[in-house]
Amino acid sequence: MATSELDNIKAINILSIPEDEILNNFLQERFSLNLESFSKYFPQISLFYKSYQPRKKLSFFCLENGVPNLLFADSDTVFYKSENPIEFCRDCLLQIMENVPFNQSCFKSEEDIYGQIFDKYINEGLNILNKQDKINKKIKDLDTLPLVVLSGVGLGYILGELYERVNVANLVIIEPDPDIFFASLHTFDWKNLLDFIFSEHLSIDIIINNDPQLCFDTFCSIMNDKGIFLSTSPFILVHYSSEFNSQFVRVFKDKTPEFSSLLGFFDDYMFGISHGFYSFFKSNNHFIKKNISFEKYKDVPVFVIGSGPSLDKDISFIQKYQDKAIIIACGTASDSLFHTGIKTDFFANTERLSEIADLVDTIPDSNYWKDVILLCSEVCHPFVQQRFQKSIVFGKENEPFFSYLNKVVEEIKEIRGISNINPLVGNMGVSSATTLGFRNIYLFGLDNGIKVGTTNKHSKFATIYQNRGAVEDDGFDFECDGNFGDKCQANLLYLRSITNISNAIASVIVKGEDIKVYNCSDGALVPNTVSIRSEKLNDEFDRLQIINKKEICDYIYENLGMEIHLNYEKIENLLKKDEFSVTIDSVINSLLSLHKFHNRLDVIKNLSKISSELYQGDTPEHCFHKNIVNPSVQSMFILIINAMYISEEYGKCENIVQHFVDMTIDFLKECKYIYSYLPDYVMGDHRKYYKNNKVGKDMSSILAPNIPPINKLIRKTYDDPLSSFHKIGS
């Protein structure tokens, strides 16, 4: 049988497995050896392919050069449209390496407005990097690549060509078609490659899946283990053109900056622990219980309201129907609602900042807050909690302290966890509504960006921005789809917010529960929501009855929530301060060993080894201690890996790399000091530990900067003409 494609590559004859005994024996022997090797290194893949039956009809053939190629018999198409597949892969790879630049990402310098150890070190590292001459480098110019993401393995030949030309510290293979990977087990010498990779203590991971988003999620899990710092220096190698490869690369490029740039940091966790101590022992804090039914009120409409500029056009709708829905004001939205005659029922807060208390205090009529319930997690600042007579508190699932206590304290195990509440307060509004059990939710003013061609960032009714001088967000460097068409400009925080709102809704959907979230905000499109303008909801809400808000709020507070009674000394002892110091000393010793390495590959391998050790723990307290330092260490490693590629020659980078290693060690030493102050390290009040108006101590690698002045949310005085609340509408 001859095909036009085969004619085009000048096929002399076709040797399919049944037709040529020599080729058949070669393919079967290679498959057997490869399968045996996979059973050693990747047993699940070996087991999967041991008796695998391809979905497509595959025929192997080779020309006079003896290099196996693949024919899809059902469609008469050849995989490599070349007489010599190995030469084809080599030429493609060389062309890519010669033309593709080596790109890295790093942080942008941010002003330290609170006096934080993490900012002290990151900003100093960025200052050093920014003083270096930037040299544009191509992949071909480098001796070592930290991370290669291969999208499409093909018949495997490209891997041999890659490893012949460059050191690959970490390889992640994405192959959407299990038939293709099956074919590669017959054609490529996987055994030799795997033996080499594992004998040299390099890293390889293989993902066989055709869902681009799931592949990216798996990639993120791998990076969590191997080191998130690696994801800032990827070489994305697309082996061949396909719809999947195009989709995956798009997801990868869109999501990776968000994944690597929004890490937690040590100071934040210290504040969270100290605030958690306050939350757990404060009276009138009711923690949401697990496994409590909300069936009775689940279909009650809920308005989750942010202070984006599109809120203004929906104010009249909210005024008219405010008595027919529970209203959750997200942060500064409460300012807009007060000034437009709308009474909120819940105040959502996700931050651990004391300035949120100043926001509450700007409302001239203190009676406005009298029956408002605070929705927060345990990391909420004590000053904010003190402003409310009642608080509904969730356990923040991804917070190291709550995660730790949830494993070792029986009373904490009864608390309902909450996720997807960051990075913005709108996330808390949506996640608290879904977690409580509401299934009929409407979003207003959750713009998550600004529409292209506009400039307003917040509602005109938000006096905090319009009249009191609060600083607004900037850096709208990304573009995303709008909720009603057009495009929106966003920053990384808004992009993550969009993702987490969508994830909060998806977490309900995957349980098989019905939920409707209507997005009336004229901002960014949010997956899993229904885009609808508020005027189209008038008929629906005209038919609804006025709800008994007090009854519903009391039910949530009394029936879904509970007080907890803990022993303070017992919880304090769980901090295990001596054990924390032992953990930090172990990491420091590992970092000190980096000074003996004088090439990129060994440094990267050992940074990854340290990352893996920090990601894993033998006991709950070990996991806790590592979780509170690992994100900050990953950030320091991002500085290190950027320093490693300042120049093509590692020798010209080494001094800065070693200096950054020393800075990481000094950072960890200061972490030990801070941890010793717990649980008395409340944000703002923590400044009492800084002597001589300096942030931390002078260390061998860094001098302590001056402590910044106390940050103020309100920077202008404003004589509010509205001194008391007047309800409008309904």
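The model shown is predicted, which means the values in this text are computed figures rather than measured ones. (Residues numbered from 1 in each chain as written. Predicted model: local features only at pLDDT ≥ 70, side-chain atom pairs only at ≥ 80, totals over all residues. Heavy atoms only, no water.)

Quick notes on the overall build of the protein chain
Just so we agree on the cut-off: Working definition: helices are DSSP H or I runs of at least four residues, strands are E runs of at least two. Numbering for both runs from the N terminus. Partly exposed describes any residue whose relative accessible area lies between the buried limit of under 20% and the exposed limit of over 50%, with all areas from a 1.4 Å probe on protein chains only and scaled to the type maximum. What makes two residues a contact is simply this: any of their non-hydrogen atoms within 4.5 Å. Accessibility throughout is a Shrake-Rupley quantity obtained with a 1.4 Å probe, and a residue counts as covered only by protein chains that appear here. Neither His nor the chain termini are counted; the positive set is Lys and Arg, and the negative set is Asp and Glu. The atoms used to mark charge sites are NZ of Lys, CZ of Arg, CG of Asp and CD of Glu.
Along its length, the protein chain carries 27 helices and 23 strands. Projecting the C-alpha coordinates of the protein chain onto the three principal axes gives extents of approximately 90 × 65 × 50 Å. The 730 residues of the protein chain split such that 58% are buried. Here the contacts in the protein chain between residues at least 6 apart in sequence split such that 75% fall between residues at least 24 apart. Entry remark: accessible area of the protein chain is about 30700 Å², with carbon and sulfur atoms responsible for 47%. Taking the average place of the 73 positive charges on the side chains of the protein chain and the average place of its 97 negative ones, the gap between the two points comes to 4 Å.

Concerning the side chain of H275
Tracing the chain through its elements places H275 in helix α11 (residues 266–281). In this structure, H275 is in contact with R352, E378, V379, C380, H381, P382, Q385, V682 and M683, ignoring residues within four places of it in sequence.

Remarks on helix α26 (residues 620–643)
Here is the rule we go by: The span you would expect from a helix comes to 1.5 Å times its residue count less one. Each residue is assigned a bend, namely the angle between axes fitted to the seven residues that terminate at it and the seven residues that start at it.
The terminal C-alpha atoms of α26 lie 34 Å apart, and with 24 residues this matches the ideal 34 Å at 1.5 Å per residue to within 8%. The largest bend in α26 comes to about 35°, at N630, with the proline P631 one to four residues further on. Counting buried positions over the 24 residues of α26 gives 19, a clear majority of the element.

Thoughts on the packing of α11 against helix α16 (residues 400–408)
When two helices pack together, their arrangement is captured by the angle between the axes and the distance separating the axes. Here is the rule: Angles here are taken between N-to-C directions and fall from 0 to 180 degrees, while the axes themselves are lines fitted to C-alpha atoms, restricted in helices to the stretch in contact. Any angle that is under 35 degrees is reported as roughly parallel, and any over 145 degrees as roughly antiparallel; angles of 65 to 115 degrees are reported as roughly perpendicular and all others as oblique.
Their axes nearest at 8 Å, the elements α11 and α16 cross at an angle of 50°. Viewed along their axes, α11 and α16 adopt a mutual orientation that is oblique. Contacts from Y269, I273, F277 and F280 in α11 reach P400, F401 and L405 in α16.

Here's the deal with the sheet that holds strand β19 (residues 478–481)
Remark on secondary structure: sheet strands pair via backbone hydrogen bonds, oriented parallel or antiparallel. Formally: The pairing criterion is simple: DSSP has to find at least two bridges between the two strands.
The strand order across the open sheet built from three strands is β18-β20-β19, with neighbouring strands paired in antiparallel fashion. The strands lining the two open edges of the sheet, one partner per strand, are β18 (450–451) and β19. Here two bridges tie β18 to strand β20 (residues 487–490), and the two strands are oriented antiparallel to one another. Residue pairing for β20: K451 is matched across the bridge by C488. Sheet contacts for helix α20 (residues 492–509): β19 and β20; angle to β19, the most-contacted strand, approximately 30°.

Comments concerning the environment of F303
Mapped onto the elements, F303 comes out in strand β11 (residues 302–305). Along the primary structure F303 and Y518 are separated by 215 residues, whereas in three dimensions their C-alpha atoms are 9.6 Å apart. Each residue touching F303, except ones within four places of it in the same chain, is listed here: F317, I318, Y321, A325, I326, I327, I328, Y442, F444 and F541.

Some remarks on the packing of aromatic side chains
Applicable threshold: Stacked, tilted and edge-to-face pairs are distinguished by plane angle, under 30 degrees for stacked and over 60 for edge-to-face with tilted covering the rest, among Phe, Tyr and Trp rings (Trp via its six-membered ring) whose centres lie within 6.5 Å.
Summed over the entire model, instances satisfying the criterion amount to 66 aromatic pairs. Residues F317 and F444 carry aromatic rings whose centres are separated by 5.8 Å and whose planes lie at 35° to one another, so their mutual orientation is tilted. Here F317 is found in helix α12 (residues 311–321), whereas its partner F444 is found in strand β17 (residues 440–444), with 127 residues between them in sequence. For F444, a relative accessible area of 0% translates into the label buried. Considering the side-chain rings of F338 and Y368, the 5.3 Å spacing of their centres and the 85° angle between planes classify their relative orientation as edge-to-face. A residue pair is termed long-range when its members are at least 10 positions apart, and F338 in helix α13 (residues 333–338) and Y368 in the loop between α14 (355–361) and β14 (373–377) qualify at 30 residues.

Side note on empty space enclosed by the protein
What counts here: A pocket here means an open set of points on a 1 Å grid, computed over the protein atoms alone, that has protein on both sides within 12 Å along at least five of seven lines. A cavity is instead a set of points where a 1.4 Å probe fits but cannot get out; residues with an atom within 4 Å of a point line either one. Grid points are joined across faces, edges and corners, and a volume is the space filled by probe spheres set on the points. Side-chain classes are defined by residue name, with Ala, Val, Leu, Ile, Met, Phe, Trp, Tyr, Cys and Pro counting as nonpolar, Asp, Glu, Lys and Arg as charged, and the others, Gly among them, as polar.
Tallied over the entire structure, the rule returns one cavity of 30 Å³ or more. Around the largest cavity, the lining residues are P400, S403, Y404, K407, P620, C623, F624 and N627. Only α16 and α26 provide two or more residues apiece to the lining of the largest cavity. Taken together, the residues that form the lining of the largest cavity break down as five nonpolar, two polar and one charged.

Some words on the pairing of β20
In summary, the side chains of a regular strand alternate between the two faces of the sheet. Residues C488 and A490 point to one face of β20 and are all buried, whereas K487 and Q489, pointing to the other face, are not buried. Of the strand pairs in this sheet, β19 and β20 are connected by four bridges, and their pairing is antiparallel. Bridge pairing in β20 links E479 to Q489. In this structure, the hairpin formed by β19 and β20 is closed by a connection of five residues, where G485 is found at a positive phi of approximately 90°.

Describing the nonpolar core
Stated formally: The nonpolar core is taken to be a set of buried Ala, Val, Leu, Ile, Met, Phe, Trp, Tyr and Cys residues, with the residues joined through side-chain atoms within 4.5 Å.
By size, the foremost hydrophobic cluster in this structure holds 195 residues, and its most contacted members are W190, M270 and F303. If near-sequence neighbours (up to four positions away) are discounted, M270 is found in contact with I628, I674, Y675, L678 and Y681. In this structure, L424, M428, L443 and I505 belong to the second largest nonpolar core, which totals 50 residues.

Things to note about α11
In this model, α11 (16 residues) spans 23 Å end to end at C-alpha, consistent with the 22 Å of a helix rising 1.5 Å per residue. With respect to burial, α11 is a largely interior element, 14 of its 16 residues being buried.

Focus: the packing of helix α2 (residues 21–41) against helix α8 (residues 190–199)
Interaxial distance between α2 and α8 falls to 8 Å at its minimum, and their mutual angle equals 30°. On the basis of the axis angle, α2 is roughly parallel to α8. In this structure, α2 contributes L33, N34, S37, F38 and Y41 to the contact, and α8 contributes W190, K191, L194, D195 and F198. When the residues that make up the contact of α2 with α8 are grouped by side-chain class, the tally is six nonpolar, two polar and two charged.

A look at unusual backbone geometry
In the segment running from N422 into P423, the intervening peptide bond is cis, with an omega of 5°. By secondary structure assignment, the location of P423 is in the loop between β16 (417–418) and α18 (425–436). A positive phi is found at H201, a non-glycine position, where the angle reads about 60°. If you trace the backbone, H201 turns up in the loop between α8 and β8 (203–208). For H201, a relative accessible area of 63% puts it in the exposed group. The backbone of N693 shows a phi angle near 55°, a positive value even though the residue is not glycine.

Considerations on the sheet that holds strand β1 (residues 58–61)
Within the open sheet, the three strands sit side by side as β1-β2-β3. Their pairing is antiparallel. Looking along the sheet, the strands with just one partner apiece sit at the ends: β1 and β3 (77–78). In this sheet, strand β2 (residues 69–72) lies alongside β1 in antiparallel orientation, the contact comprising four bridges. When the sheet's bridge partners are listed, S59 is paired in β2 with L71. Helix α7 (residues 178–187) rests against β1 and β2 of the sheet, and its axis sits at about 30° to β1.

Some thoughts on the pattern of salt bridges
What counts is decided by this rule: We count a salt bridge whenever a side-chain nitrogen from Lys or Arg sits within 4 Å of a carboxyl oxygen from Asp or Glu.
All chains considered together, the criterion is met by 38 salt bridges. Notably, a salt bridge pairs R90 with E161, separated by 3.0 Å at the nearest N-O pair. Taken together, the residues R90 in helix α4 (residues 85–99) and E161 in helix α6 (residues 157–165) connect sequence positions 71 residues apart. Across the pair E670 and K120 runs a salt bridge, and its minimum N-O distance is 2.5 Å.

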